[in-house]
Number of protein chains: 2
Amino acid sequence: MLKRYLLAPGPTPVPPEALMAMAMPMIHHRSPDFIPILESAKEGLKWLYQTSNDVIILCSTGTGGMVGSVSNFFSPGEKALVINGGKFGERWTKICNNYGLEVTEIEVPWGYAVKPEQVEEALKGDPDIKGVFIQASETSTGVYHDIEGVAGVVKKYDDTLLIVDAISALVAHDLRTDDWGVDVMIGGSQKGMMLPPGLAFVSVSDKAWARADKATSPKFYFNFKAERDKIQKNQTNFTSPVTLIIGLNEAIKILKEEGLDNTFKRHAKLANATREAVRALGLEMFTKESPSNSVTAIETPKGIDGQEVYKTLRESFGVTAAGGQDQARGKIFRIAHLGYADTFDVITAIAAVEMTLKKLGHDLKFGTGVAVAQELLMEGK
Amino acid sequence: MLKRYLLAPGPTPVPPEALMAMAMPMIHHRSPDFIPILESAKEGLKWLYQTSNDVIILCSTGTGGMVGSVSNFFSPGEKALVINGGKFGERWTKICNNYGLEVTEIEVPWGYAVKPEQVEEALKGDPDIKGVFIQASETSTGVYHDIEGVAGVVKKYDDTLLIVDAISALVAHDLRTDDWGVDVMIGGSQKGMMLPPGLAFVSVSDKAWARADKATSPKFYFNFKAERDKIQKNQTNFTSPVTLIIGLNEAIKILKEEGLDNTFKRHAKLANATREAVRALGLEMFTKESPSNSVTAIETPKGIDGQEVYKTLRESFGVTAAGGQDQARGKIFRIAHLGYADTFDVITAIAAVEMTLKKLGHDLKFGTGVAVAQELLMEGK
């Protein structure tokens, strides 16, 4: 028996309350059995998003929410500014290109965060830019981009929307949709929301809705206006993914009990303890600035392959973390502290990293990182 | 306590084996824990589809599979022939229009089936038609269209693809994808597959793949070629809907144990018993020809509103069936016998219909329909 521990940046562990609720017998999505559940989940999402805007629920992965955020608000030929600082930044460019937008990129080296001034400069330089596309937490690099700062810039431009992929940041970071003026913000079920993959969430501002009528791209499946009209009646446009929405309602109940501030503080504390523990082991962060609260990206010591760390964690210790993607492949490994995560998930992660590196021939003293994590996680207990 | 019985044409009841498997702790979609499950589900789908073609798995409702079947094989301006005999036929027209196709419709009155000769005539009349879009089972009318006959016509045309929405027919009808030459066939999880909503399946023939390279519509999320490349490696293009695919694997195990022929016979028997029992009550079928094995559409007796039948079934007897949609609203009610359904689901349905109609003032003798159903369901027991 090799007991399994899931510490990957999505899918993340699902609380038993949600697993059990999702295992209840099927109910019909247009019936009075389901409608109050969808209504409660919808209101919960608005609370979590800190918004009075509509938040629509899609049956898709988070990428579906990204695609819809392009096709519902932009037309072929329009200009987009993409902040590309990792694999998911690249995805914005690919989606925009697929829908015929003209893309300008701010290329941010992997491991670094964009500066709001860079966005300001780009928007000043080209007043035709209709949308700025960015990640909140860039999962491939462990960087959190300064959404508040970027939103402060974009809101000065009446014809420019800010579209934030917050798929891996939601729940882990304090994202103030309305206060900051984020026009479109995308979340997904299998990250901080502690659910299986299969749902995307999208908040839409009035400024964005005003643009939806002019957008000419095809959008039959991801039709946000149709979804908005339905969610106001506590329905979805097509068959609702009933079980996942039941799980969503349970997950939100858990988060409400904790309270938003405490949720953000927990994630910040777990992330900080992970980073400091890893540093105590003499390892370098791959994330050079503005680290995410969702995932920690760590450079492997010289001479050790990052994919070997991933593999050994899994095969020898039962811990599923993540390796590196694309240009970071082989150079890093990543550990999540996201969603249904607490003190001893970090302790497990650090202890497993120590044992894995030792097994791969790296010289270290057991407990060095664990002790630092214990110290930092003990606060307030 | 009012015990609930789900007899709607989707979502349908989920077997406990699948519910329990889906309630297991989360695993990672790119990990060796999950890959053999996806591989097994994939092979199972090919068996169920009676095809050696690729069957891709999408994270969406069935409608997502329909949308992808338009955007992956057709370009704006190309001609499509839509068989429109109900609400889902209409959906084909809407999707094709949304993607800029030029649509000709064969309008089939609700309750009737298209004749293959009508398709032949249309194709002869316009050799530029690139695709024929049809439902196998039209859920809104309870009609099964003759897919074998239509496929026999379409395969004579080298430049024309046959695209079948089999979302509610799969499992309930013997659909011979390869033998008949169906180019693209779409299934969904929440019908005969006995799973929660959230998955679409699409089989694609070589003839259709050859067309995929030329199609210019945007298709980032529903990118069938990318999905094909991934499923050949037992992965999906984006994050896999892990729990639903685990459930899919369980559902297929159950169907394999029954055997395809027995599955089809069971559905035919349940459907026949439902129809004959309802006829014994003096009610008229809304379906005038070629009734589906998935759902039975019944006209309400004069003076009784179909929506009242739906409501009374639910509120007084705990039975969730379906009313009528669009032009059939108020005139009919529908009962499914689809997926995880057997003898006493039909008995429940008929008994509840008798009690509901009596409650609504219709004159009938209790047990009249039930006895006929018992007689027909007893065969082979």
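Residues numbered from 1 in each chain as written. Chains lettered and ligands numbered in written order. Predicted model: local features only at pLDDT ≥ 70, side-chain atom pairs only at ≥ 80, totals over all residues.

### Describing the overall build of chain A
- The helix and strand tally for chain A stands at 14 helices and 13 strands.
- Computed over the C-alpha atoms, the radius of gyration of chain A is 21 Å, within 12% of the 21 Å expected from 2.2 N^0.38 for a compact globule of 381 residues.
- Summarising its shape, the C-alpha atoms of chain A cover approximately 60 × 55 × 35 Å along the three principal directions.
- Within chain A, the fraction of its 381 residues that count as buried is 58%.
- Put simply, of all contacts in chain A between residues at least 6 apart along the chain, 72% involve residues at least 24 apart. (Helix = DSSP H or I, 4+ residues; strand = E, 2+ residues; numbered from the N terminus. Rg over C-alpha atoms; globule rule 2.2 N^0.38 Å. Buried ≥ 20, exposed ≤ 12 C-beta atoms within 10 Å, placed from the backbone. Contact = placed C-beta atoms within 7 Å.)

### Digging into the nonpolar core
- Membership of the largest hydrophobic core comes to 251 residues, with the highest contact counts inside it found for V202 of chain A together with V150, V164 and V202 of chain B.
- When sequence neighbours within four positions are dropped, the list of residues in contact with V164 of chain B reads I134, A136, I147, V182, M185 and I186 of chain B. (Core = buried A, V, L, I, M, F, W, Y, C linked by C-beta atoms within 7 Å.)

### A closer look at the domain arrangement of chain A
Residues and elements named next belong to chain A.
- Taken as a whole, chain A is organised into domain 1 (5-10 + 259-378) and domain 2 (17-257).
- On a C-alpha basis, the centres of domain 1 and domain 2 stand 27 Å from each other.
- Contact residues are listed per partner, giving 25 residues for domain 1 and 25 residues for domain 2.
- When contributions to the side of domain 1 that touches domain 2 are tallied by element, the ones reaching two or more residues are α11 (260-280) and β11 (295-299).
- A class-by-class count of the residues in the side of domain 1 that touches domain 2 yields nine nonpolar, twelve polar and four charged. (Domains from an automatic or database assignment. Nonpolar A, V, L, I, M, F, W, Y, C, P; charged D, E, K, R; others polar.)

### As for helix α14 (residues 368-378) of chain B
Residue and element names in this part refer to chain B.
- Buried residues of α14: G369, V370, V372, A373 and L377, and no others. In an axial view of α14, the angular spread of the buried residues amounts to 160 degrees, which keeps them on one side of the axis.
- Buried positions along α14 lie against α11 (260-280) and α13 (343-359). (Arc of directions from axis to C-beta.)

### Some words on the sheet that holds strand β8 (residues 161-165) of chain A
All names here are of chain A.
- The strand order β2-β10-β9-β8-β5-β3-β4 describes an open sheet built from seven strands, whose pairing is mixed. Edge positions in the sheet fall to β2 (54-59) and β4 (102-107), since each has one partner strand and no second. The mean inter-strand angle of the sheet, taken between neighbouring strand axes irrespective of direction, is 20 degrees.
- The pairing of strand β3 (residues 79-84) with strand β5 (residues 129-135) spans four bridges and is parallel. (Pairing = 2+ DSSP bridges. Axes fitted to C-alpha atoms, helices over the stretch in contact; angles between N-to-C directions.)

### Quick look at the interface of chain A and chain B
- Taken residue by residue, the interface counts 43 residues in chain A and 43 residues in chain B.
- Put simply, the parts of the chain that give the side of chain A that touches chain B at least two residues each are α1 (16-22), α3 (62-71), α4 (87-98) and α10 (242-258) of chain A.
- Partitioning the side of chain A that touches chain B into residue classes produces 25 nonpolar, 17 polar and one charged.

### Quick notes on the environment of S137 of chain B
Residue and element names in this part refer to chain B.
- Counting through the fold element by element, S137 comes out in strand β6 (residues 137-138).
- Taking the C-alpha atoms as reference points, S137 and V353, separated by 216 residues in sequence, lie 23 Å from one another.
- Setting aside chain neighbours within four positions, we find S137 in contact with Y144, S168, A169, A172, H173, S292 and S294.

### Observations regarding the relation of the copies chain A and chain B
- With an RMSD of 0.0 Å, the operation that places chain A on chain B is a rotation of 180 degrees combined with a shift of 0.0 Å along the axis. Such values leave the two copies arranged in the relation of a two-fold axis. Closest approach to the rotation axis among the C-alpha atoms of chain A is made by S60 of chain A, whose C-alpha sits 2.6 Å away.
- A share of 100% of interface residues in chain A that are also interface residues in chain B marks the association as one of identical surfaces. (Least-squares fit on C-alpha atoms with pLDDT ≥ 70 in both.)

### Re α10 of chain A
Residue and element names in this part refer to chain A.
- Taking 1.5 Å per residue as the helical rise, α10 with its 17 residues ought to reach 24 Å, and the 25 Å between its terminal C-alpha atoms agrees with that figure.
- Counting buried positions along α10 yields twelve of 17 residues, so the element is predominantly enclosed.
- Burial in α10 covers these residues: V242, T243, L244, I245, I246, G247, L248, N249, E250, A251, I252 and L255.
- Once α10 finishes, G259 follows within two positions and takes phi at roughly 95 degrees, a positive value. (Expected span 1.5 Å × (residues − 1).)

### Focus on the packing of α11 of chain A against helix α14 (residues 368-378) of chain A
All names here are of chain A.
- The N-to-C vectors of α11 and α14 enclose an angle of 150 degrees; their axes lie 8 Å apart at closest approach. Viewed along their axes, α11 and α14 adopt a mutual orientation that is roughly antiparallel. As for the relative orientation of α11 and α14, their crossing is right-handed in sense. Side by side, α11 and α14 meet where K269, N272, A273, E276, A277, V278 and A280 of the first sit next to T368, G369, V370, V372, A373, L376 and L377 of the second.
- Its residues assigned to classes, the contact of α11 with α14 comprises nine nonpolar, three polar and two charged. (Parallel < 35°, antiparallel > 145°, perpendicular 65-115°, else oblique. Left-handed = near helix turned anticlockwise from the far one by under 90°.)

### Regarding unusual backbone geometry
- In this model, G10 of chain A is joined to P11 of chain A through a cis peptide bond whose omega is -10 degrees.
- Considering the arrangement of structural elements, one finds P11 of chain A in the loop between β1 (5-6) and α1.
- Of note, the phi angle at V171 of chain A is positive, near 85 degrees, even though the residue is not glycine.
- With respect to the element layout, V171 of chain A can be found in the loop between β8 and α7 (177-180).
- Even without glycine at this site, Q50 of chain B takes up a positive phi of about 55 degrees.
- With respect to the helices and strands, the residue Q50 of chain B is situated in the loop between α2 (35-49) and β2 (54-59).

### With respect to the pairing of β5 of chain A
Residues and elements named next belong to chain A.
- Extensive coverage of β5 is indicated by the burial of six of its seven residues.
- Pairing of β5 with β8 involves five bridges; the strand directions are parallel. What sits directly across from I134, in β8, is V164.

### Points about the pairing of strand β3 (residues 79-84) of chain B
Residue and element names in this part refer to chain B.
- Across the six residues that make up β3, a large majority, five, are buried.
- Where β3 lies against strand β4 (residues 102-107), six bridges are found, and the strand directions are parallel. When the bridges of β4 are listed, L81 appears paired with T104.

### Points about the sheet that holds strand β8 (residues 161-165) of chain B
Residues and elements named next belong to chain B.
- If you walk across this open sheet you meet the seven strands as β2-β10-β9-β8-β5-β3-β4, and the pairing is mixed. Two strands bound the open sheet, and with one partner strand each, they are β2 and β4. Sheet twist, expressed as the mean angle between neighbouring strand axes with direction ignored, is 20 degrees.
- Of the pairings in the sheet, the one linking strand β9 (residues 184-188) to strand β10 (residues 199-204) comprises five bridges and is antiparallel in character. What sits directly across from I186, in β10, is V202.
- Relative to β8, helix α6 (residues 147-154) is tilted by about 160 degrees, and along the sheet it contacts β5 (129-135) and β8.

### Regarding the confidence of the model for chain A
- Taken residue by residue, chain A gives an average pLDDT of 97. The fraction at 70 or more is 100%.
- Confidence metrics for the complex model read pTM 0.96 and ipTM 0.95. (pLDDT = per-residue confidence, 0-100.)

### Overview of the environment of A280 of chain B
Residue and element names in this part refer to chain B.
- Secondary-structure assignment places A280 in helix α11.
- On the basis of neighbour counts, which here come to 17 C-beta atoms within 10 Å, the residue A280 falls in the partly exposed class.
- In the structure, A280 is positioned 187 residues away from T93 in sequence and 38 Å away in space, judged by C-alpha atoms.

### Details of the packing of α13 of chain B against α14 of chain B
Residues and elements named next belong to chain B.
- Where α13 meets α14, the closest approach of the two axes is 9 Å, and the angle between their N-to-C directions is 165 degrees. As the angle between them shows, α13 and α14 are arranged roughly antiparallel. In this structure, α13 crosses over α14, and the sense of that crossing is right-handed. Here T343, V346, I347, I350, A351, V353 and E354 of α13 lie close against α14, whose contacting residues are G369, V370, A373 and L377.

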